[in-house]
Amino acid sequence: TRSCYTGKTGTEKIGSCHTGIQTCLGDSWGSCQGEQVPQAEICDGKDNDCDGLIDNASNCVTTYAGSGVKGYKDGPALQAQFSTPQKVIVDSNGNLYVLEKDQHYIRKIDTQGNVSTYAGNLSRGLKDGPRQIALFDKIKDITIDHLDNIYIADYENHRIRKIDPQGNVTTFAGSSQCQSTSDCKQDGPLAQAKFRYPEVIAVDQLNNFYLVSQDEQGKRVILRIDSNKMIRKSPATQTFTAGYPKT
């Protein structure tokens, strides 16, 4: 007998591919038995096509992070636990930031696949400063600009918070706590502006910001923060009730 391999040159002993055995029968060699040659990827966690990459076919969906158990646990991506992930953003270096529904923190998945708590913690509150000690109260949405600044819709604090690339947390828009529903409706400079329950935030290519908040009747309105850092009701705004445009 002898070892044999009929697959493409360079794929032997790569991924799932391995040699087989040929047996001499009379004066000729029989077929190669037991070998594994390259096959199409089938998304099974193996390198089926023996190119050194696992599940790299365009139709493969794999678990990038999370153990499948609901909870709160940092660590290697596939061992980490999340509680209802709701949104993911990506910075210019390929790091991912994860928002979990109605939580008070943001998680980070770095390019090496490590999950950590990037800002906030399990405690609710209102505190600016280094991201490790900053406090939030029910984060509803996050977005990121072209300079890798992260903006946070801090729902119960009625504010938009900002995390710069150095990890400093500041209040970007919104001022003192609203004393009444009518008090939570004030356009103008960011430091004096007031709004209720910001739910959605987005930024365009010109660095204008748009956020969805609630008016004094609890209906949703769109506010715009322009490049002069003034906040105003968007001229094209619609009023929303229960998530649907009012007709």
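Computed from a predicted model, the values in this text were never measured in an experiment.

### Section: the pairing of strand S7 (residues 96-100)
- With five of five residues buried, S7 is to be regarded as a mostly interior element.
- Of the two faces of S7, the one holding Leu96, Val98 and Glu100 and the one holding Tyr97 and Leu99 are both buried throughout.
- Pairing geometry for strand S6 (residues 85-90) and S7, over five bridges, is antiparallel. Counterpart to Pro85 in the pairing with S7 is Glu100.

### Details of the nonpolar core
- Membership of the largest hydrophobic core comes to 15 residues, with the highest contact counts inside it found for Ile106, Phe136, Ile139, Ile142, Ile150, Ile152 and Ile163.
- Going through the elements one at a time, S7, strand S9 (114-120), strand S11 (139-144) and strand S12 (150-154) are the ones with two or more residues in this core.
- The leading source of residues in this core is S11, at three residues.
- Those residues in contact with Ile142 that lie beyond four places of it in its chain are Lys87, Ile89, Tyr97, Val98, Leu99, Ile106, Tyr151, Ile152 and Ile201.
- Counting residues in hydrophobic clusters, the runner-up holds 13 residues, among them Phe172, Val221, Leu223 and Ile225.

Conventions adopted
Residues numbered from 1 in each chain as written. Predicted model: local features only at pLDDT ≥ 70, side-chain atom pairs only at ≥ 80, totals over all residues. Heavy atoms only, no water. Buried < 20%, exposed > 50% of the residue type's maximum accessible area, 1.4 Å probe, protein only. Helix = DSSP H or I, 4+ residues; strand = E, 2+ residues; numbered from the N terminus. Pairing = 2+ DSSP bridges. Core = buried A, V, L, I, M, F, W, Y, C linked by side-chain atoms within 4.5 Å. Contact = heavy atoms within 4.5 Å.

That's the geometry; what it means functionally is another story.
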